[in-house]
Amino acid sequence: MERVKPVPRILLRVLGIGALVAGGLVVALAALAAMILLGPLVFWIAWNVLDFGHALGLPELGFWGIVLATLFLVVGWLGKVVITGVVFLVDPSWFHGAAQVHWPEPTFRNFVSVMLLALLASRPHAHAHARRHRQRKQG
């Protein structure tokens, strides 16, 4: 004896799969949003909070400077060329700024800053190496 008729049963199955797909989509979007927000936050902590920019003789960066610098560290070569081209086209005088850049003092604070920036810069490359390693194993 069936309790649920065929049409509502099919509808419940579809809604169950739809809920599963929607849940997976929400988790994927949350992970993407966390990555997008976490990168600039890590760069801001290293550059402005831990004063790594000042340790190098460079000024603090504003919001868009942090976003562009984070993107510059995270994207590949073509992305770096595009970011440099956009900055040059939007504000060419930016490249004529004067700064006395120097090697930072060997302090723990600067060490932590360098490690945070290296973490940001190494993430895409780690994915590329893992992909290449899988292709070698399969081939």
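What counts as what
- Residues numbered from 1 in each chain as written.
- Predicted model: local features only at pLDDT ≥ 70, side-chain atom pairs only at ≥ 80, totals over all residues.
- Heavy atoms only, no water.
- Helix = DSSP H or I, 4+ residues; strand = E, 2+ residues; numbered from the N terminus.
- Buried < 20%, exposed > 50% of the residue type's maximum accessible area, 1.4 Å probe, protein only.
- Contact = heavy atoms within 4.5 Å.
- Areas by Shrake-Rupley, 256 points an atom, 1.4 Å probe, with all protein chains shown as cover.
- Axes fitted to C-alpha atoms, helices over the stretch in contact; angles between N-to-C directions.
- Parallel < 35°, antiparallel > 145°, perpendicular 65-115°, else oblique.
- Nonpolar A, V, L, I, M, F, W, Y, C, P; charged D, E, K, R; others polar.
- Expected span 1.5 Å × (residues − 1).
- Phe/Tyr/Trp six-rings, centres within 6.5 Å; stacked < 30°, edge-to-face > 60°.
- Lys NZ or Arg CZ within 6 Å of the ring centre and 35° of its normal.

A. Seen up close, the overall build of the protein. Helix and strand counts for the protein stand at 5 helices and 0 strands. Listing the helices and strands of the protein from first to last along the sequence gives α-α-α-α-α. Residues counted as buried form 17% of the 139 residues belonging to the protein. Counted over contacts in the protein with a minimum sequence separation of 6, partners at least 24 positions apart contribute 61%. With the model as given, the accessible surface of the protein reaches about 11100 Å², and the carbon-plus-sulfur share is 74%.

B. Quick peek at the packing of helix α3 (residues 63-74) against helix α4 (residues 77-90). Two numbers describe how α3 lies on α4: the axes approach to 9 Å, and their chain directions differ by 150°. Taken together, the axes of α3 and α4 lie roughly antiparallel to each other. Contact with α3, carried on its side by L68, L71, F72 and L73, involves K80, I83, T84 and V87 of α4 and no other residues of that element. Residue classes in the contact of α3 with α4 are distributed as 6 nonpolar, 1 polar and 1 charged.

C. Spotlight on the environment of L71. For L71, the location among the structural elements is in helix α3. For L71, a relative accessible area of 41% translates into the label partly exposed. C-alpha of L71 to C-alpha of G39: the two residues are 32 residues apart in sequence and 8.4 Å apart in space.

D. Broad picture of α3. With 12 residues, α3 extends 17 Å between its outermost C-alpha atoms, agreeing within 8% with the 16 Å of an ideal straight helix rising 1.5 Å per residue. Three or more residues of α3 are buried, namely I66, V67, A69 and T70.

E. Broad picture of the packing of aromatic side chains. What the rule picks out here adds up to 4 aromatic pairs. Their ring planes at 75° and their centres at 6.2 Å tell us that W47 and F52 sit as a pair that is edge-to-face. Overall, W47 belongs to the buried group, its relative accessible area being 11%. On the numbers, 4.9 Å between centres and 75° between planes, the contact of F63 with W64 is edge-to-face. Site record: aromatic cluster; members linked through ring pairs are F43, W47 and F52. The ring of F72 has K80 sitting right over it, with the charged end atom 5.3 Å from the ring centre.

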